[in-house]
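Inside the fold
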Amino acid sequence: MKSPTTPLRLLTSALAMSLGLAPAWAQSAPAPAQGAALSLELNAAQPSEKGCRLTFVVNNALGTDLSKAAFEIALFNEAGVVDRLTVLDFKDLPAGKTKVTRFDLAGADCGKLSRVLINSATECAGTGVEPAACMRGLKTSTRTSIAFGV
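Here is a short report on the structure shown in this document.

Reading the values: rules and limits
Residues numbered from 1 in each chain as written. Predicted model: local features only at pLDDT ≥ 70, side-chain atom pairs only at ≥ 80, totals over all residues. Heavy atoms only, no water. Helix = DSSP H or I, 4+ residues; strand = E, 2+ residues; numbered from the N terminus. Buried < 20%, exposed > 50% of the residue type's maximum accessible area, 1.4 Å probe, protein only. Contact = heavy atoms within 4.5 Å. Phe/Tyr/Trp six-rings, centres within 6.5 Å; stacked < 30°, edge-to-face > 60°. Lys NZ or Arg CZ within 6 Å of the ring centre and 35° of its normal. Pairing = 2+ DSSP bridges. Axes fitted to C-alpha atoms, helices over the stretch in contact; angles between N-to-C directions.

Examining the environment of G96
- Within the fold, G96 resides in the loop between strand 4 (82–93) and strand 5 (98–106).
- G96 gets classed as exposed once you look at its relative accessible area, which sits at 66%.
- The spacing of G96 and A61 is 35 residues in sequence and 5.3 Å in space, taken between C-alpha atoms.
- Sequence-distant contacts of G96, defined by excluding residues within four places in its chain, comprise N59 and N60.

Regarding the packing of aromatic side chains
- Scanning the entire structure with this criterion turns up five aromatic pairs.
- Relative to F103, the ring of F56 has its centre 6.0 Å away and its plane inclined at 70°; by these criteria the two rings are edge-to-face. In this pair, F56 sits in strand 2 (residues 51–61) while F103 sits in strand 5, placing the two residues 47 residues apart along the sequence.
- Since its relative accessible area comes to 13%, F103 is described here as buried.
- Between F71 and F90, the aromatic rings sit 5.9 Å apart at their centres with planes inclined by 75°, giving edge-to-face as the arrangement. Of this pair, F71 sits in strand 3 (residues 66–77) while F90 sits in strand 4; the two residues are 19 residues apart in sequence, bridging distant segments of the chain.
- For F71, a relative accessible area of 2% translates into the label buried.
- Residue class for F90 comes out buried when judged on its relative accessible area of 3%.
- An aromatic cluster of at least three residues, connected via ring pairs, comprises F56, F71, F90, F103 and F148.
- Looking at R115, its charged tip hangs above the ring of F76, at a distance of 4.7 Å from the centre.

As for the sheet that holds strand 7 (residues 138–142)
- The four strands lie next to each other as 5-2-1-7, forming an open sheet whose pairing is mixed. Looking at the sheet topology across the chains shown, the edges are occupied by strand 5 and strand 7. Strand-to-strand, the axes of this sheet are offset by a mean angle of 25°, without reference to chain direction.
- The pairing of strand 1 (residues 37–47) with strand 7 spans five bridges and is parallel. Bridge pairing in strand 7 places E41 opposite S141.

Now the structure itself:
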C-alpha cells in the first residue's frame, strides 16, 4: 500500500532540486576567466580605391559578449614617424566568436606603412565588462610585414 505522504515527498524533492538550480539561472553574465583574451590579428594590408584596406581577424575569448569595441590606432610611415591617429570601431564582438573586419584608410599607402600601434581602447562595453578589459586582455599578432602591437 502506498503511503499518503509519497506524492508530497516527491513534490518536496522536486521543488528543492529546482531551487538549488536557481542561482545558476540568475547569473547575468559570466565573469571573464583568468587569462581570458581578446585576440586581434592584422591579417592583410591591401591597396584599395580609397587608400589602404586593413583586414583584421578578431576572437573574443573574454568570456562575455562585447556590445561595442573600438581602438585608437597610430599608423607609422616607413621612417617610423606617426602618420596619423584614427579609431577603428569593431562594433559588437560575441563571446567565443571569430569575426573578420575590414577598414579602408583613406589616403594611406600600404607600401609606406611600417607599423600599426594600438594606442588605447576608446570603447569597451558589454554586460559585466569593465572598460579596461579590452586592453588588459588584448593579444596581437600579424600575418603581414607590418609590425602590429601595443
